[in-house]
Amino acid sequence: MTVLTANELRALLLQTAAYQNAMAILNDEWGSRVQENPLYQAPISIADLQFVAHLQATGIHRPVLDFTDYSAVSEWIITHQATLTPNVIAWLRRPFD
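A few points on the structure. This structure is a prediction, so every number in the text was calculated from the model and none was measured. Going along each chain's sequence as written, the residues are numbered from 1 onward. Two thresholds apply to this predicted model, a pLDDT of at least 70 for residue-level local features and 80 or more for giving and counting side-chain atom pairs, whereas whole-chain, interface and lining totals are computed over all residues. Only hydrogens and water are removed before side-chain values are computed, so all heavy atoms of the structure are retained for them.

The subject of this paragraph is the environment of T79. Inspection of the secondary structure puts T79 in helix α5 (residues 70-80). Burial status follows relative accessibility: with a 1.4 Å probe on protein chains alone, a residue under 20% of its type maximum counts as buried, one over 50% as exposed, and anything between as partly exposed. When its relative accessible area of 56% is taken as the criterion, T79 is described as exposed. Here the side chain of T79 touches E75 through a polar contact of 2.9 Å, landing on its backbone oxygen. Put simply, DSSP H or I for four residues or longer makes a helix, DSSP E for two residues or longer makes a strand, and each gets a number counted from the N terminus. N or O atoms within 3.5 Å of each other form a polar contact, as long as, within protein, one can give a hydrogen and the other can take it, and as long as residues adjacent in sequence are counted only when both atoms are side-chain atoms.

Structure representation (C-alpha cells):
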C-alpha cells in the first residue's frame with residue numbers, strides 16, 4: 001500500500017504550490033497555468049511527477065498516467081514535451097531502460 005509522505009500530506013491539506021502543480025498535471029491544465037503568468041513558464045519537475053504518482057497510487061486522484069506502461073509514458077512525453085526538461089524525460093523513461 002502506498003501512502004503519502006508527511007510533506008505530501010501537508011501539501012495536500014494546505015493545497016500548496018506543489019499540490020497545485022500536481023493537480024495541474026493530473027487535470028491536464030499545465031498550459032493554462034503557464035498562460036496565467038507568461039513571463040515565467042516553469043517546466044514540469046520530477047518532484048511534480050513523483051507527487052502525481054503518489055496521488056494516483058493512494059487513490060486520492062484517478063489514474064491519468066500509468067508510469068509503468070511504456071506506451072502511455074511515451075505518448076505523454078510527446079504530448080507534453082514543451083514543458084519537460086531532458087532530465088524529466090530521462091526520469092520518466094528510466095524504468096524501461
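Okay, back to it.
Attention now goes to the side chain of Q56. Mapped onto the elements of the fold, Q56 is located in helix α4 (residues 46-57). A relative accessible area of 11% means that Q56 is categorised as buried. If we ignore the near neighbours within four places in the chain, the residues touching Q56 are L26, H61, R62, P63, V64, L65 and F67. Any two residues having at least one pair of non-hydrogen atoms within 4.5 Å are treated as being in contact.

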